[in-house]
Amino acid sequence: TDRFDTALYRTRIDNPEVEEPMYRFSITDDLENTASEFQEGLDRVLTTSPTFNGKRLCVLSDSRGHITLGRDYVKWVEKGVAVRRIELPDETAWRAALLEHFGIF
């Protein structure tokens, strides 16, 4: 609808000329977190969206690429190529990686 004035697109390194629309929103929205529209939208993203449901994922971009903390690994990607990967054997190692590489504890 016309209510959503902004779109978030992504491109992939292997096909940079194609922009894929991901989300539409209004940049000026200021919904209270108790508003049903906000709660329903957040619920959809967190429970229905294939990007976020059913897995733990943390991604941080930098000038060379990104670092990803997945279910049992940390992976560094530069220019679309995985350059390093560390397997995480247990929850303690996973939590340590979350703190070390993302500053989250």
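The sections below set out a description of the structure shown in this document. (Residues numbered from 1 in each chain as written. Predicted model: local features only at pLDDT ≥ 70, side-chain atom pairs only at ≥ 80, totals over all residues. Heavy atoms only, no water.)

### Let's talk about the nonpolar core
Piece 1. In terms of nonpolar packing, the biggest core is built from 10 residues, these being Cys58, Ile67, Leu69, Val74, Trp76, Leu88, Trp94, Ala97, Leu98 and Phe102.
Piece 2. For this core, the secondary structure elements donating two or more residues are β4 (65-69), β5 (73-78) and α2 (91-102).
Piece 3. Among the elements that make up this core, the one with the highest residue count is α2 (four residues).
Piece 4. Contacts of tryptophan 76, omitting those with residues within four sequence positions, involve His66, Ile67, Val81, Ala82, Val83, Arg84, Arg85, Ile86 and His101. (Core = buried A, V, L, I, M, F, W, Y, C linked by side-chain atoms within 4.5 Å. Buried < 20%, exposed > 50% of the residue type's maximum accessible area, 1.4 Å probe, protein only. Helix = DSSP H or I, 4+ residues; strand = E, 2+ residues; numbered from the N terminus. Contact = heavy atoms within 4.5 Å.)

### Some remarks on the pairing of strand β1 (residues 6-12)
It is a general feature of regular strands that their side chains alternate between the two faces of the sheet.
Piece 1. The pairing of β1 with strand β2 (residues 15-25) spans six bridges and is classified as antiparallel. Across the sheet, residue alanine 7 finds its bridge partner in β2, namely arginine 24.
Piece 2. Between β1 and β2, which follow one another and run antiparallel, lie two residues. (Pairing = 2+ DSSP bridges.)

### Here we look at the environment of glutamine 39
Piece 1. Inspection of the secondary structure puts glutamine 39 in helix α1 (residues 36-47).
Piece 2. When sequence neighbours within four positions are dropped, the list of residues in contact with glutamine 39 reads Asn33 and Thr34.
Piece 3. In this structure the side chain of glutamine 39 is engaged in a polar contact, spanning 3.2 Å, whose partner is the backbone oxygen of asparagine 33. (Polar contact = N/O pair within 3.5 Å; in protein donor to acceptor, adjacent residues only side chain to side chain.)

In short, the description is geometric, and any link to function would need to be established separately.
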